Amino acid sequence: MSDWHVNASTAERYVDGTLAEPDCWSVERHVEGCAPCAGRVSRAVGAGPAGVLLGDVRASLLARVQGETLAPAQGRLPTRLWWAVGPALRGAWALALVVVAAGAVGLARGADFAGARSLLLALAPVIPVAGVAVSYGRHTDPLHEIAASTPRGGLRLLLMRTVAVLAVSLPVLAVAGLLLPGTSVTAPGPATWLLPGLALTLAALALGGYVGSRTAAALVGGGWLLAVALPCLGGSAPAQTLAERLGEQLSLYLDGQTAQTSWAAALVLCAAVVAVRRNVYDHWETM
Amino acid sequence: MTTMTRPTTGTGAVQVSGLTVRHRRTTALDGVDLDFGTGVHGLLGPNGAGKTSLIRVLATVARPTGGRVELFGGDLTAPRTLRDARRRLGYLPQDFGYYPGFTVREFVAYVAWLKEMPADTTPAAVERAVARVGLADRIDAKIRTLSGGMVRRVGIAQAVVNAPQLLLLDEPTAGLDPEQRVEFRSLLRELGEEATVIVSTHLVEDVAAACTDVTLIERGRVAYRGTPQSLAALGRDGDESDGNTTERGYTAALRAHRTHLTGGGQA
């Protein structure tokens, strides 16, 4: 290092741009290796017009950094959504969905089976219930133990997976219902299962807060199937075919304004239970 | 061997009093009082002693049957405190699964998302965590193509991705080869500089090499608490023929606790 240093007047001329260009290079080269001169130049810059600008930049940067740390954590949705819902939409459940939808259409159109619609309507409401059960909880989610120790691993993950399950199963089953030809046998309309399907799914969520998601799904899904199947097995008129009895039983549960209003009320009630007890789902090993 | 002698502070990240955990008829933890501050804390004990139960309670996964658990000075029964504590902890379970299609990067990023990390800092944090466990070159490999030891290291990466202030590791060295174990212990010491690290292990040598203090758990109770050195000192009085002193100290402390429990009878 030479004995030359940046004195105060050189620094000042450097700051206001009156220093000759070769001298500027010398100053810049020198301050890279000489701390006292670097400090002198820096102070001169700070005192000049650039200092105000630098101060503003610093203040706005600090404000932005602080704002960022204080802002609530937001995930970019698309890819992250897939991570969260991915496990919900695979495996045995997706297969069951396809088998029920394609099976009903195949039976009706291929084998001319009159009870196809009743069969679809009997099974459709439990498909989303089963989907929620296989996508969340310690028995079926391999990552549950880790997820249970995280802030998003509780109710929010459960709801995301429920929405994903519904988003896939409702359209598939609805389309299958529309593809079924009209039958001679009594059976409710093809869309009448939608409200019960939603209500049963929410009932499984609500009950899950008490007994765990797997048991809740088994109780709700099993309860529905029993309620549909048992009266048919002990039917009064022996001349009726099983398909006819199933259709009549389902009409009782699904057709008409009273039935649909009751399902809507049940849906609202279950949603309210989940909302009121929302903290339970985040808390210690309840699911 | 490098062992640190820094004492634990009284106002640590973890404070537990009268903690009891029962699974049906068996008692996993029986009125345990403990506190842990910054440093690496080893949990030693025979299989079934209650180490995993303690870690699962501290990870906010298992519900205690009785007693009080405070993390970062907050009682976990309040939803807000619980959520805050969960953002600040890292947990490696004894067994953990993964989604078959996930790469290392996706897996660790998914856990970062679960921990509510900001989306813009997540990619860098994921790469840093994966590099810390020495898997930078396998970051885009599918987890199912990795060896058991590597999967274990992926587990450690997901636990540290949020730079946790409380890190709970249940048997982290299981399945690691000796060289990886040595590397892992140095990572532990590094993490223990800033955070409260609680490591359960059945390998006495892990404790001697990496921990600031040792808690020996036996039949759901704290049988011994002290530094690795003082545990080793217990072993120096006895038979010198085999094993290292820490291991003999472990056996001596266990024997003393059992004798105490059975009222002076045989172990």
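This structure is a prediction, so every number in the text was calculated from the model and none was measured.

About the thresholds
Residues numbered from 1 in each chain as written. Chains lettered and ligands numbered in written order. Predicted model: local features only at pLDDT ≥ 70, side-chain atom pairs only at ≥ 80, totals over all residues. Helix = DSSP H or I, 4+ residues; strand = E, 2+ residues; numbered from the N terminus. Contact = placed C-beta atoms within 7 Å. Buried ≥ 20, exposed ≤ 12 C-beta atoms within 10 Å, placed from the backbone. Nonpolar A, V, L, I, M, F, W, Y, C, P; charged D, E, K, R; others polar. Pairing = 2+ DSSP bridges. Axes fitted to C-alpha atoms, helices over the stretch in contact; angles between N-to-C directions. Core = buried A, V, L, I, M, F, W, Y, C linked by C-beta atoms within 7 Å. Arc of directions from axis to C-beta. UniProt positions renumbered as here; feature names shortened; annotations may be inferred. Parallel < 35°, antiparallel > 145°, perpendicular 65-115°, else oblique. Left-handed = near helix turned anticlockwise from the far one by under 90°. Domains from an automatic or database assignment. pLDDT = per-residue confidence, 0-100.

**Description of the overall build of chain A**
Phase 1: A tally of regular secondary structure across chain A gives 15 helices and 0 strands.
Phase 2: For chain A, long-range pairs separated by at least 24 residues make up 77% of all intrachain contacts whose partners lie at least 6 apart in sequence.

**Remarks on the overall build of chain B**
Phase 1: Regarding its fold elements, chain B presents 9 helices and 10 strands.
Phase 2: Here chain B holds 267 residues, and the buried ones make up 49% of them.
Phase 3: Within chain B, residue pairs in contact and separated by at least 24 positions form 65% of the contacts whose partners lie at least 6 positions apart.

**Some remarks on the interface of chain A and chain B**
Phase 1: With 24 residues of chain A at the interface, the matching set in chain B holds 28 residues.
Phase 2: With 3 residues, helix H9 (residues 144–147) of chain A is the single largest residue contributor to the side of chain A that touches chain B.
Phase 3: Here the residues of the side of chain A that touches chain B are counted per class, giving 10 nonpolar, 8 polar and 6 charged.

**Observations regarding the sheet that holds strand S10 (residues 221–226) of chain B**
All names here are of chain B.
Phase 1: Taken in spatial order, the 6 strands make up an open sheet running S6-S7-S8-S3-S9-S10, and their pairing is mixed. Where the open sheet ends on each side, the last strands, each with one partner, are strand S6 (89–92) and S10. For this sheet the average axis-to-axis angle between neighbouring strands, irrespective of direction, equals 15 degrees.
Phase 2: Pairing analysis gives 4 bridges linking strand S3 (residues 39–44) to strand S9 (residues 213–218), with the strands arranged parallel. Each bridged residue has a counterpart across the sheet, and for His41 the counterpart in S9 is Asp213.
Phase 3: Lying on the sheet, helix H5 (residues 148–160) is in contact with S6 and strand S7 (166–170); it crosses S6 at an angle near 165 degrees.

**Section: the nonpolar core**
Phase 1: In this structure, A:Ala204, B:Val108, B:Ala157 and B:Leu168 are the most contacted members of the largest nonpolar core, which totals 142 residues.
Phase 2: A:Val6, A:Tyr14, A:Val41 and A:Ala44 belong to the second largest nonpolar core, which has 6 residues in total.

**Some points on the sheet that holds strand S4 (residues 66–71) of chain B**
Residues and elements named next belong to chain B.
Phase 1: Strand order in the open sheet formed by 4 strands is S2-S1-S4-S5, with antiparallel pairing between adjacent strands. The open sheet terminates on both sides in strands that have one partner only, identified here as strand S2 (26–36) and strand S5 (74–75).
Phase 2: Of the strand pairs in this sheet, strand S1 (residues 14–23) and S2 are connected by 7 bridges, and their pairing is antiparallel. By the bridge assignment for S2, Leu19 is matched with Val32.

**Focus on helix H1 (residues 8–16) of chain A**
Residues and elements named next belong to chain A.
Phase 1: Those residues of H1 lying buried are Thr10, Ala11 and Tyr14. Projected down its long axis, H1 shows its buried positions confined to an angular sector of 100 degrees, all on one face. Opposite the packed face of H1, turned more than 90 degrees from it, sit the exposed residues Ala8, Ser9 and Asp16.
Phase 2: Turning to H1, the residues buried within the fold contact helix H2 (21–31) and helix H3 (35–47).
Phase 3: In the stretch just after H1, Gly17 is the one whose phi turns positive, near 80 degrees.

**Let's talk about the environment of A:Leu95**
Residue and element names in this part refer to chain A.
Phase 1: Tracing the backbone through its elements, the reader meets Leu95 in helix H6 (residues 92–109).
Phase 2: On the basis of neighbour count, Leu95 is assigned to the exposed category, with 10 C-beta atoms found within 10 Å.
Phase 3: Considering only alpha carbons, one finds Leu95 and Val132, 37 residues apart in sequence, at a separation of 14 Å.

**Topic: the UniProt feature "transmembrane region" (unreviewed entry) in chain A**
Phase 1: Under the UniProt annotation, "transmembrane region" (unreviewed entry) lies at residues 81–107, 119–137, 158–180, 192–211, 218–239 and 259–277 of chain A.
Phase 2: Across residues 158–180 of chain A, the secondary structure splits into 96% helix and 0% strand, with the terminal C-alpha atoms separated by 33 Å.

**Brief notes about the packing of helix H8 (residues 126–135) of chain A against helix H11 (residues 194–211) of chain A**
Residue and element names in this part refer to chain A.
Phase 1: Running from N to C, H8 and H11 cross one another at 30 degrees; their axes reach a closest spacing of 8 Å. As summarised for this structure, H8 and H11 are arranged roughly parallel, according to the angle between their axes. Once H8 is placed against H11, the crossing between them reads as right-handed. Taking contact as the criterion, the partners of Val126, Pro128, Val129, Val132 and Ala133 in H8 are, on H11, Gly197, Leu200, Thr201, Ala204 and Leu205.
Phase 2: Here the residues of the contact of H8 with H11 sort into 8 nonpolar, 2 polar and no charged.

**What to know about the domain arrangement of chain A**
Phase 1: Domain boundaries in chain A define domain 1 (8–70) and domain 2 (85–282).
Phase 2: A straight line from the C-alpha centre of domain 1 of chain A to that of domain 2 of chain A covers 69 Å.

**What about the UniProt feature "domain: Putative zinc-finger" (unreviewed entry) in chain A?**
Phase 1: Summarizing the sequence annotation, UniProt attributes the feature "domain: Putative zinc-finger" (unreviewed entry) to residues 14–38 of chain A in the numbering used throughout.
Phase 2: End C-alpha atoms of residues 14–38 of chain A are separated by 12 Å, and the span's content is 72% helix alongside 0% strand.

**A word on helix H1 (residues 51–58) of chain B**
Since the α-helix packs 3.6 residues into each turn, any two residues three or four apart lie on the same face.
Phase 1: Counting buried positions along H1(B) yields 8 of 8 residues, so the element is predominantly enclosed.
Phase 2: Along H1(B), the positions that sit buried rather than exposed are B:Lys51, B:Thr52, B:Ser53, B:Leu54, B:Ile55, B:Arg56, B:Val57 and B:Leu58.

**Comments concerning the confidence of the model for chain B**
All names here are of chain B.
Phase 1: Residues of chain B with pLDDT of at least 70 account for 91%, and the chain-wide mean is 85.
Phase 2: Averaged pLDDT values for the elements of chain B fall to 77 in helix H9 (residues 245–261) and rise to 96 in S6.
Phase 3: Confidence over residues 1–10 falls short of pLDDT 50; this stretch has 17 contacts with residues more than four positions distant or in other chains.
Phase 4: For this predicted complex, the interface score ipTM comes out at 0.86, while the overall pTM is 0.76.

**Structural notes on unusual backbone geometry**
Residue and element names in this part refer to chain B.
Phase 1: You will see that Arg24, though not glycine, has its phi angle at about 50 degrees, which is positive.
Phase 2: Residue classification places Arg24 among the exposed positions, given that 5 C-beta atoms sit within 10 Å.
Phase 3: Backbone geometry at Thr60 places phi at a positive 65 degrees, although glycine is not the residue there.
Phase 4: On the neighbour-count criterion, Thr60 (26 C-beta atoms within 10 Å) is buried.

**Remarks on the environment of B:Thr65**
Residue and element names in this part refer to chain B.
Phase 1: With respect to the helices, strands and loops of the structure, Thr65 is situated in the loop between H1 and S4.
Phase 2: Remark: the alpha-carbon pair of Thr65 and Arg22, spanning 43 residues in sequence, is separated by 6.1 Å.
Phase 3: For Thr65, the contacting residues outside a window of four places in its chain are Thr20, Val21 and Arg22.

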